[in-house]
Amino acid sequence: GGTVVSRRDLAGRRVLITAGGTREAIDPVRYISNRSSGKMGYALAREAIRRGAEVTLVTTPTRLPLPEGAEVVPVESAEEMHKAVIERFDAVHVVVKAAAVADYRPAAPAEQKMKKQADRLFLELVRTPDILAELGRRKRGQVLVGFAAETNDLEAHALDKLRRKNLDLMVANDVTTPGAGFSVDTNIVTLFDRQGGKETLGLMTKDEVACRIFDRVIQIFANSCD
Ligand code: CTP
Ligand code: CA
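Residues numbered from 1 in each chain as written. Chains lettered and ligands numbered in written order. Predicted model: local features only at pLDDT ≥ 70, side-chain atom pairs only at ≥ 80, totals over all residues. Heavy atoms only, no water.

Caption draft 1: Molecular detail of the coordination of the calcium ion (ligand 2). For the calcium ion (ligand 2), the full set of protein donor atoms is Asp103 (OD) and Asp103 (OD), at a range of 2.4 to 2.6 Å. You can see aspartate 103 is positioned in the loop between β6 (94-97) and β7 (104-106). (Donors = N, O, S within 2.8 Å, 3.2 Å for Na, K, Ca; no water. Helix = DSSP H or I, 4+ residues; strand = E, 2+ residues; numbered from the N terminus.)

Caption draft 2: Broad picture of the packing of aromatic side chains. Within this structure, the stated rule accounts for zero aromatic pairs. Positioned above the aromatic ring of phenylalanine 221 is the side chain of arginine 13, whose terminal nitrogen or guanidinium carbon lies 3.7 Å from the ring centre. (Phe/Tyr/Trp six-rings, centres within 6.5 Å; stacked < 30°, edge-to-face > 60°. Lys NZ or Arg CZ within 6 Å of the ring centre and 35° of its normal.)

Caption draft 3: Quick look at the pattern of salt bridges. Summed over the entire model, instances satisfying the criterion amount to 20 salt bridges. The closest approach of N and O atoms between glutamate 87 and lysine 83, which form a salt bridge, is 2.9 Å. In this pair, glutamate 87 and lysine 83 both sit in helix α2 (residues 78-89), four residues apart, roughly one turn of the helix. The salt bridge involving glutamate 199 is made with arginine 212; its shortest N-O contact spans 3.1 Å. Here arginine 212 lies in helix α5 (residues 206-222) and glutamate 199 lies in strand β13 (residues 198-200), a separation of 13 residues in the sequence. Residue arginine 212 is classed as partly exposed on the basis of its relative accessible area of 32%. Each member of the salt-bridge network shares a partner with another, and the members are Arg7, Asp9, Glu47, Arg50, Arg51 and Asp215. (Salt bridge = Lys/Arg side-chain N within 4 Å of Asp/Glu carboxyl O. Buried < 20%, exposed > 50% of the residue type's maximum accessible area, 1.4 Å probe, protein only.)

Caption draft 4: Quick look at a nonpolar patch on the surface. Taken together, the side chains of Tyr104, Leu123 and Leu125 present a nonpolar region at the surface, about 260 Å² in accessible area. Structurally, leucine 125 can be placed in strand β8 (residues 125-127). Accessibility expressed as a relative area gives 38% for leucine 125, which makes it partly exposed. (Patch = residues over 30% accessible without salt bridge, like charges linked within 9 Å, V, L, I, M, F, W, Y side chains within 5 Å. Areas by Shrake-Rupley, 256 points an atom, 1.4 Å probe, with all protein chains shown as cover.)

Caption draft 5: Examining the side chain of glutamate 47 more closely. Within the secondary structure layout, glutamate 47 lies in helix α1 (residues 39-50). Within the structure, the side chain of glutamate 47 is placed 3.0 Å from the side chain of arginine 50, a separation counted as a polar contact. Once residues within four sequence positions are removed from consideration, glutamate 47 is found in contact with Ala210, Cys211 and Phe214. (Polar contact = N/O pair within 3.5 Å; in protein donor to acceptor, adjacent residues only side chain to side chain. Contact = heavy atoms within 4.5 Å.)

In short, geometric facts, not functional conclusions.
See below:
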């Protein structure tokens with residue numbers, strides 16, 4: 001009971017959030033993408049705004065309404081997202097990388113619409129930049145939060161990415177569990193931190209997950225010297 005006063009505990013903090021699945025062009029009308037809906041990223045943006053942060057949302061096209069009060073930076077490909085995020089990194093305090101970034105893109109997108117020809121088509125793909133790993137190398141006091149959507153060996157993969165990308169917090173979920181992952185409004189995540197801490201959250205809405213993530217970001221700031 002009682003009156004609920006919204007916490008403005010992110011006032012004065014600039015938070016950059018990436019959302020959605022990137023689109024990698026094959027030709028002017030076709031692309032390669034993934035099942036990300038953008039829901040987790042948009043929930044994070046709304047929650048950060050509610051708590052008083054200045055929010056930049058770097059987003060691919062989604063079916064979701066844009067959060068009110070966020071600066072929105074529309075992108076499509078991993079390369080565009082990379083540029084948008086790197087440009088803004090020095091000016092923010094927190095980056096939450098909820099986007100599902102393509103690991104590969106077509107090596108040479110066709111300039112004209114491709115016509116069908118043979119029975120088989122081989123498409124050459126090349127690696128995209130790992131945006132979060134680059135932020136991990138560049139970071140100077142920013143809090144970095146990554147996501148890992150896995151189908152197997154969740155903890156091992158999540159811890160490996162936490163260390164490899166120099167993250168402060170890793171949000172891991174097993175996308176094979178009903179109620180977790182793509183398209184749904186709920187998630188079941190485990191939070192791993194740099195100190196070896198592991199917090200398993202039960203089934204909750206993505207709005208609640210967003211709230212718990214920023215609770216942890218606030219704790220990380222409280223335990224740092226800036
Ligand atoms: N990520 C990124 N840039 C990429 C690939 C991933 O910034 N090119 C970020 C994602 O936004 C996510 C985190 O890294 O926050 C983990 O993404 P994930 O796909 O799970 O990890 P990868 O390092 O790509 O490993 P793999 O797909 O091989 O499991
Ligand atoms: Ca990946």
